[in-house]
Each structure stands twice: as C-alpha cells, then as structure tokens.
Amino acid sequence: MIRVTAVHEDSLGSTLGLGPGTELLAVNGRELRDFLDWEFWTADDRFVLLARSPAGELVEYDIERPDSLPMGVELESPSIRRCANRCDFCFVDGLPGGLREPLYVRDDDYRLSFRYGNFATLTNLKRPDIDRIVEYRLSPLYVSVHATDPMVRRRLRRNPRAPDIVAPLRMFAEHGIRFHTQIVLQPGVNDGAVLERSLEDLFALGDPVLSVSVVPVGLTEYSKHHLVRQPSAAECRAAVATVDRYAHRAVAKRGTHWAYGADELYMVAELPLPQVDRYDEFEQVENGVGAVRYLQRRIAQARNALPDLRGMHVAILTGAAMGPLMPHVIDTLAEATRATFELLAIENDLFGRSVTSAGLLPGSAFRRALEDRVDLDLALLPAEALNAHGRFLDDLEFVQLVESVPMEIRPSHDFADAFVESVTV
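To start, this report covers the structure provided alongside it. Treat the numbers as computed from the prediction; the structure is a model and nothing was measured.

**Here's the deal with a negative patch on the surface**
- On the surface, D44, D45, E64 and D67 cluster together into a patch of negative charge.
- Residue D67 is classed as exposed on the basis of its relative accessible area of 77%.

Right, here's the structure in full:
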C-alpha cells in the first residue's frame, strides 16, 4: 500500500477524485509496494485500481487512460533501504552531531539509484529485488564499485559478506540493464594495481558499463582519520595516468572516453583540467566529473540570452575546491554580461576545512561571507547546497539567509540560469 500526498489539477487523479490521504492498494490485482510499482503498472492504457479513501471506503476504478492526461499523483516517500556496509570513508559517518535526522540515514537503495542517480553498492539485493530490476528494466543504475577484487571490496566495505560485483553486473547486463559506475579512491587500498584491475574488469563487461568515474576520497574533520587518509598529489597523478590510458582505449574501441577523473582528482594531482570534449555527454557531472567544463559550456550556450549587466557587482560563492578553477568560468561570464564578478571561495565551518565541495557548505558560511558586503548587488550561491525544502545542511533556511544579508541572493546550478529573470542595479 502507498499513500497519496497531493494531486495536481488537470490530471487523471483529480478527475477520479483521488486526494491526499488516499491509500492506493493494488493495480490489476497486484499489490502496490512503492512508487516503482505505481509508475510501471499505471503506464498501461487501461488498468484497474483498488484504493481506499481517507474515510476508509474501498473503491475500484476501471481506468482507461487518455494519452494526454497525466496521473498527476504525488506519493509519500518510501522507506529507504539502509546501507549494511561500514566503509571507512563513509560521509554519513563523518557528519558532526546535531544535524537533522534524515542526514544520518545511510541509504543504499537501488530504487533511488534508478530514480535520482544515487550511487548504490548492490550489496543488499535479495532475489525479489533482482527479479524486479530485471522485470522493470531499471536502467541505467548508478553503482559504487570501488574495487572488483572481491577481497579488496569487502575490506573497503568493512563487510565480510559483501558479494562479488562483477557477476551481478554481468547478469543484469545480459537482461539489458546499463550502468554508470564509480570508484572512490582510498590510497593504499584500491589504487595502483587494484585500480588497474577494476577498470579492466569493468571495461571487459562491454557497452552495458556506460561510464566509470574515479573520485578521490573525501573526508571531514569527523571522519575515521586513523583508518583512512586522503591521497597525495603523486597518488592522484598515478590515478589520472591510469584513467587516461583506459579513456584512450575506450575512444578507439567505443567512440567515448568512458573513464573519467573527478575535477578534484586533477586538482589534488596539480594537473590542468581536460578540455570540454574529454567529458563527452557529462554523464557524471553531478559526481564532480567535468563540473568546471560543464559550467563553461552552459554559459557559452546561453551567451546570447544573457543580459547586459554592466555596472553590477556580483559575487559568486563556492567551496575551496572550486576556488582555483573558477576564474576560467568567471572570465567567460564577465565577458558575456559585462558585470564585475568577485569570487568568494569560502571554508566549511560545519565539516571542517578538508571538506571543500560547494554543495556541502552550510548556510552559516554563506551568511558569514555576505552579511557585511554592502558593496554587492547580487550574490550567486550553489543551488546544490539547498535541499528541496530550501534548507542548508545546518538547517538554516534560504529565506532566513535572504533576510540577513544586504544584497539580492539567487541559488544557481550553472550561473546562466540565475539571469533568466531580469536583474537591475
């Protein structure tokens, strides 16, 4: 059973009289377990829905679905499949105390992998899960591989029961499932020869493995530093060299680069970022792979639509990791808009200086950087630092931040989107 939380106007759900609190019980006699069942089973042109109204009345709907009318039903959030692993570099385990409770949920849910692109380990799959992935063709999935050597993977997971990853990937591939994969690089554990083997094993699976990213491990001040450390520049340079060898091989055989290093891998390695064409379709940009080049491309694409902002003083706020890389982006934006841009790379006062990602900055860091800046006309914040309810990780609300600083603030995914509305001095 799943429960309705909202119904959109001009939708089939509204026409049927479904409303918040309605329990959706079954479609064509099959019990509804979650949003996947709902979306897949109601995609047919005709189906029978069994529901229970908020008043407790059982109602059966024989539905013939018009092509142009969406169901328009929003569902309550499903219970999250929890992670059974205890990775030394687990970011959730590296959180400070006192944050809101959902942040401490270590999810490892294949459904969220399919829906939102969350990386899952596939270590907790049961037979019904496997059958469901195959039946629904949940593709692509985003899979945290980290190492294909079973023993190394168990060590990384701190899970002696973690299964081999290559066999299930191969089985799913035979049923048409495709994957984006990642390897979080823990120095001395899954780099060097282990990284080489992992890339070789994934490459051997063929076209179903759409991409693999190599991301240096990220640690907070609260992480298990006695068990794991961040990689050195030399270790990152070695990883880049390995990634590049497989990228060249993939281009020759598949026409795409396939293997990608995260921007931070190049930054720690003290190497220049690859050019924009190295990232193909930016399949893993949300994983920090090609973020700078993606921003540059988005600004170039929107160039003719950007307004003339000469005379404006605009601040771009980001994390310490992007600070050295952002001048490339800002120069492009300044040339297009004629505004004066100032980069504010701010330190993370919640997780510690070692956490440099812009998306993990708390609201307090933005407020501290902006509260006295009366010289600014506009400030652009990374939209990924906010959740769907407009809250930062430290529970400060965006509206509270707006009320506490002297300039206009806009969250932005790619800078170009911040100027869709008119901006005036």
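Back to the text.
**Thoughts on empty space enclosed by the protein**
- Across all of its chains, the model carries one cavity of 30 Å³ or more by this definition.
- Taken as a whole, the largest cavity encloses approximately 30 Å³ of empty space.
- Lining the largest cavity, in full, are Y260, Y279, F282, E283, Q284 and V289.

**Quick look at the state of the cysteines**
- In total, this model carries zero disulfides according to the counting rule given.
- Cysteine C83 shares no disulfide, and the gap to the nearest cysteine sulfur, in C87, comes to 6.1 Å.

**Regarding the sheet that holds strand β9 (residues 209–216)**
- With respect to topology, four strands assemble into an open sheet ordered β7-β8-β9-β10, the strand pairing being parallel. Each edge of the sheet is formed by a strand with only one pairing partner; in this case those strands are β7 (141–144) and β10 (259–261). On average, each strand axis in the sheet is inclined to that of its neighbour by 20°, with strand direction left out of account.
- Sheet analysis places strand β8 (residues 179–185) next to β9, joined by seven bridges and oriented parallel. Bridge pairing links I183 to V214 in β9.

**Brief notes about the nonpolar core**
- Counting residues in hydrophobic clusters, the biggest one holds 91 residues, and the most contacted among them are L24, W38, L49, L169, F172, W258 and F415.
- Take this core: its biggest share by element is six residues, from helix α8 (residues 233–254).
- Look past the residues within four positions of L24 in its chain and what remains in contact with it is M1, I2, V4, L18, L32, W38, L49, L50, A51, V73 and L75.
- Residues L361, A365, M407 and I409 belong to the second largest nonpolar core, which totals 20 residues.

**Examining the sheet that holds strand β12 (residues 340–346)**
- Spatial strand order, β12-β11-β13-β14: four strands in an open sheet with parallel pairing. On the outer flanks of this sheet lie β12 and β14 (408–412), each paired with one strand and no other. Each adjacent strand pair in this sheet contributes to an overall mean axis angle of 25°, direction not counted.
- Where strand β13 (residues 378–382) and β14 come together, five bridges link them in parallel fashion. Bridge assignment links L380 to a residue of β14, and that residue is R410.
- Across the face of the sheet, helix α11 (residues 326–337) comes into contact with β11 (313–319) and β12 while running at roughly 155° to β12.
- Contacts between helix α12 (residues 363–370) and the sheet are confined to β11, β12, β13 and β14, with β12 contributing the most and set at about 130° to the helix.

**So, the packing of aromatic side chains**
- For the coordinates displayed, the defined rule picks out nine aromatic pairs.
- A centroid spacing of 4.4 Å and a plane angle of 10° characterise the contact between F40 and Y136, whose relative ring orientation is stacked. Separated by 96 residues along the polypeptide, F40 in helix α2 (residues 35–41) and Y136 in helix α4 (residues 127–136) bring together distant segments of the chain.
- For Y136, a relative accessible area of 5% gives the class buried.
- A ring pair is formed by F203 and Y246, whose centres lie 6.4 Å apart and whose planes are at 65°; its orientation type is edge-to-face. Taken together, the residues span a long stretch of sequence, with F203 in helix α7 (residues 192–204) and Y246 in helix α8 at a distance of 43 residues. No difference in accessibility class separates F203 from Y246, as the two residues are buried.
- Among the aromatic side chains, those forming a connected cluster through ring pairs are F40, F114 and Y136.
- Over the ring of Y116 we find R115, and its NZ or CZ is 5.7 Å from the ring centre.
- Here the guanidinium or amino end of R254 rests over the ring plane of W258, the centre of that ring lying 5.5 Å away.

Conventions we followed
Residues numbered from 1 in each chain as written. Predicted model: local features only at pLDDT ≥ 70, side-chain atom pairs only at ≥ 80, totals over all residues. Heavy atoms only, no water. Patch = residues over 30% accessible without salt bridge, like charges linked within 9 Å, V, L, I, M, F, W, Y side chains within 5 Å. Areas by Shrake-Rupley, 256 points an atom, 1.4 Å probe, with all protein chains shown as cover. Salt bridge = Lys/Arg side-chain N within 4 Å of Asp/Glu carboxyl O. Lys, Arg positive; Asp, Glu negative; His and termini not counted. Charge placed at Lys NZ, Arg CZ, Asp CG, Glu CD. Buried < 20%, exposed > 50% of the residue type's maximum accessible area, 1.4 Å probe, protein only. 1 Å grid on protein atoms, 1.4 Å probe; cavity = no way out; pocket = protein on both sides within 12 Å on 5 of 7 lines; lining within 4 Å. Points joined across faces, edges and corners; volume = space filled by probe spheres on them. Disulfide = S-S within 2.5 Å. Pairing = 2+ DSSP bridges. Helix = DSSP H or I, 4+ residues; strand = E, 2+ residues; numbered from the N terminus. Axes fitted to C-alpha atoms, helices over the stretch in contact; angles between N-to-C directions. Core = buried A, V, L, I, M, F, W, Y, C linked by side-chain atoms within 4.5 Å. Contact = heavy atoms within 4.5 Å. Phe/Tyr/Trp six-rings, centres within 6.5 Å; stacked < 30°, edge-to-face > 60°. Lys NZ or Arg CZ within 6 Å of the ring centre and 35° of its normal.

As far as function goes, none of this settles anything; it's purely spatial.
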